[in-house]
Amino acid sequence: MEQEGAVQDFPHKIDILIVGAGVAGLSAASDLRQSGRTVLLVDKGRGPGGRLASRRIGGATFDHGAQFLTARDPRFVASVDRWRTIGVVEEWFRSSDEGPGSHPRWRGKPTMNEIARHLARDVPVLLAKRVVSLRRDPDGWVAHLETGETFRAGAALLTPPVPQSLAILEAGGSALPPKEKARLDSVEYERCLAVLGVLDGPARIPPPGGLAPAEGPIAWIADNQKKGVSAAPAVTIHATAAFSLEHWDRDRKDCGRELLRAAEVCLGSAVTEYQVHGWRYSKPVRVEESPCLILSESPPLVIAGDAFAGPRVEGAALSGWAAADALKQMNRFANR
Ligand SMILES: Cc1cc2nc3c(=O)[nH]c(=O)nc-3n(C[C@H](O)[C@H](O)[C@H](O)COP(=O)(O)OP(=O)(O)OC[C@H]3O[C@@H](n4cnc5c(N)ncnc54)[C@H](O)[C@@H]3O)c2cc1C
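Residues numbered from 1 in each chain as written. Predicted model: local features only at pLDDT ≥ 70, side-chain atom pairs only at ≥ 80, totals over all residues.

1. Thoughts on the overall build of the protein chain
Applied cut-off: We count a stretch as a helix when DSSP gives it H or I for four or more residues in a row; a strand needs E for two or more, and each element gets its number in order from the N terminus. C-alpha atoms define the radius of gyration, and 2.2 Å times the number of residues to the power 0.38 defines the globule rule. Exposed residues have 12 or fewer other C-beta atoms within 10 Å of their own C-beta, buried residues have 20 or more, and partly exposed residues fall in between, where C-beta atoms are placed from the backbone. Contact between two residues is assigned when their C-beta atoms, built from the backbone, lie within 7 Å.
A tally of helices and strands in the protein chain yields 11 helices and 19 strands. By the compact-globule yardstick of 20 Å for 336 residues, the protein chain fits well, its C-alpha radius of gyration being 21 Å. Counting over 336 residues, the protein chain shows a buried share of 47%. Of all intrachain contacts in the protein chain linking residues separated by at least 6 positions in sequence, the fraction that spans at least 24 positions is 67%.

Structure (structure tokens):
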């Protein structure tokens with residue numbers, strides 16, 4: 001791939017352009033890099049991580065996307081174990097109702113976003129750059145960024161939520177095989193309204209600091225102070241998918257007030273400040289049959305993300321690795 005434009009410190013010859021530096025994109029990038037491919041990740045966010053997100057309000061810190069991760073697949077279990085050894089994650093809690101075989105819920109240390117930062121430490125990531133289109137050309141793929149920059153690559157991997165990936169392809173006039181297009185067009189995500197509240201004293205959420213109410217508009221409430229994320233009292237509230245959908249277009253401050261009222265019994269202290277964030281693509285409703293989808297073999301184009309291997313951090317990592325394997329395989333045949 002040749003870089004056009006004035007971006008410095010990134011490789012000039014790139015084999016694979018990866019859109020999205022969430023867990024899927026980062027996992028694929030680090031795998032491809034280890035196998036000798038030159039990669040470049042481009043993400044519209046100010047930092048890597050996507051839905052593995054943390055945020056500060058004054059002295060308070062919040063995990064406001066994924067709250068913890070679980071590991072079942074042996075390869076992901078091994079990754080999490082390495083992260084534990086070097087202090088990137090630690091066990092937050094185990095569910096008591098799962099019996100002796102219960103698996104740990106891991107939290108990033110100090111925040112969930114630390115896991116993404118760790119994954120991004122030795123892969124080149126262009127941040128705060130939105131990819132607007134991806135166009136096929138004789139040598140591979142050409143990505144156009146909102147900034148006007150253009151990148152050319154032999155192969156491409158798309159990891160944003162599926163509707164966002166489809167919009168990038170459509171803007172580039174890249175027609176998909178009809179069967180794949182119909183399938184991808186039907187991928188839907190739950191929405192999630194997240195309230196980040198700063199308190200003037202400790203929250204009343206019992207240890208370990210996270211609970212999922214059985215009824216009402218709240219799906220999850222976490223005490224970031226008890227969890228070890230925040231020095232100051234700070235709660236994250238995730239509304240249910242039903243509440244989030246119904247109230248999506250309503251004034252966000254009003255929604256936040258309603259959710260904080262519903263959480264009153266868990267708060268125990270006054271809210272001094274709050275913000276509301278809307279996750280338009282929170283979790284895929286349905287998971288695809290294969291862990292990634294090859295949309296073109298020549299030039300190689302793969303789509304991946306949690307919609308393909310499970311609506312969790314683990315699913316995103318497995319999908320990223322599957323995409324890396326598929327790209328390596330196609331690249332091997334292309335070189336013959
Ligand atoms: C509220 C919430 C709670 C959750 N709780 C949990 C949990 O407790 N445990 C768990 O395991 N999972 C949880 N999840 C799910 C988990 O966060 C996701 O499954 C996982 O992080 C998805 O990773 P990904 O790489 O597939 O996608 P993403 O993290 O969405 O990454 C995609 C990236 O693409 C970028 N992007 C999009 N469009 C463009 C563009 N045009 N140009 C450039 N970049 C672009 C985005 O900025 C983003 O960084 C939760 C998610 C949410 C939202």
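2. Description of the sheet that holds strand β13 (residues 189–199)
Test applied: We call two strands paired when DSSP finds no fewer than two bridges between them. Here, axes are lines fitted to C-alpha atoms. For helices the fit covers the stretch in contact, and angles between N-to-C directions go from 0 to 180 degrees.
Strands sit in the order β14-β15-β16-β13-β17 across an open sheet of 5 strands; the sheet is antiparallel. Each edge of the open sheet carries a strand with a single partner, namely β14 (210–211) and β17 (271–284). Two strands pair when backbone bridges link them, and strand β15 (residues 218–223) and strand β16 (residues 234–239) are joined in this way by 5 bridges, in the antiparallel orientation. Among the inter-strand pairings, Ile221 is bridged to a residue of β16, identified as Ile237. The sheet strands contacting helix α8 (residues 252–262) are β13, β15, β16 and β17, and the helix crosses β17 at an angle near 100°.

3. Observations concerning the nonpolar core
The test is simple: By definition, a nonpolar core groups buried Ala, Val, Leu, Ile, Met, Phe, Trp, Tyr and Cys residues that are joined through C-beta atoms within 7 Å. Domains are outlined according to an automatic or database domain assignment.
Counting residues in hydrophobic clusters, the biggest one holds 70 residues, and the most contacted among them are Ile16 and Leu17. Considering each element in turn, this core owes the most residues, 11 residues, to helix α11 (residues 313–334). Lining this core are residues from two domains, each supplying at least three of them: domain 1 (3–51 + 117–187 + 287–334) and domain 2 (54–109 + 188–284). Within the second largest apolar cluster, 28 residues are counted, among which are Leu193, Ile205, Ala239 and Trp279.

4. Side note on the environment of Thr61
Its location among the elements puts Thr61 in strand β5 (residues 60–63). What makes Thr61 buried here is the crowd of 23 C-beta atoms within 10 Å. Taking the C-alpha atoms as reference, Thr61 lies 10.0 Å from Gly197; in sequence the two are 136 residues apart. Ignoring anything within four residues of it in the chain, the contact list for Thr61 reads Ser54, Arg56, Thr111, Asn224, Val229, Ser230 and Ala234.

5. Looking at helix α4 (residues 162–171)
Rules: Here the arc refers to the directions that run from the helix axis out to each C-beta atom.
Buried within α4 we find Val162, Ser165, Ile168 and Leu169. When α4 is viewed along its axis, its buried side chains cluster within an angular range of 120° and face the same direction. Buried positions along α4 lie against β2 (16–19), β9 (131–137), β12 (155–158), α5 (178–185), β19 (300–303) and α10 (306–309). Within two residues after α4, Gly173 carries a phi angle of roughly 70°, on the positive side.

6. Here's the deal with the site of the ligand
Counted only if it meets this: Using a C-beta atom placed from the backbone, a residue is scored as near a molecule or strand whenever that atom is within 6 Å of it. Ten residue types, Ala, Val, Leu, Ile, Met, Phe, Trp, Tyr, Cys and Pro, are classed as nonpolar, four, Asp, Glu, Lys and Arg, as charged, and the remainder, Gly among them, as polar.
Around the ligand sit 39 residues, and of these Gly20, Gly22, Gly50, Pro160 and Arg312 come closest. Counting residues per element, the ones that place at least two in the shell around the ligand are α1 (23–34), α4, β13, β17 and α11. Counted by class, the shell around the ligand contains 19 nonpolar, 13 polar and 7 charged residues. When we break the shell around the ligand down by domain, the ones giving at least three residues each are domain 1 (3–51 + 117–187 + 287–334) and domain 2 (54–109 + 188–284).

7. A closer look at the domain arrangement of the protein chain
The assigned domain composition of the protein chain is domain 1 (3–51 + 117–187 + 287–334) and domain 2 (54–109 + 188–284). Placing a centre on the C-alpha atoms of domain 1 and another on those of domain 2 gives a separation of 28 Å. Contacts between the two partners involve 14 residues from domain 1 and, on the opposite side, 18 residues from domain 2. If you list the elements that add at least two residues to the side of domain 1 that touches domain 2, you get α10 and α11. Among the elements that make up the side of domain 1 that touches domain 2, the one with the highest residue count is α11 (5 residues).

8. Details of unusual backbone geometry
Following Lys109, the chain continues to Pro110 via a peptide bond in cis, the omega torsion being 5°. Within the secondary structure, Pro110 is located in the loop between β7 (104–108) and α3 (113–119). Even without being glycine, Ala128 reaches a positive phi, approximately 55°. Relative to the helices and strands, Ala128 is located in the loop between β8 (125–126) and β9. Classification of Ala128 by C-beta neighbours within 10 Å gives exposed; the count is 12.

9. Regarding α8
Buried within α8 are the following residues: Cys255, Gly256 and Leu259. For α8, the arc enclosing every buried residue in end-on projection is 100°, short of the 170-degree limit, so these residues lie on one face. In α8, the exposed residues that point more than 90 degrees away from the buried face are Lys253, Asp254 and Arg261. Tucked into the core, α8 has its buried residues touching β13, β15, β16, α7 (241–247) and β17.

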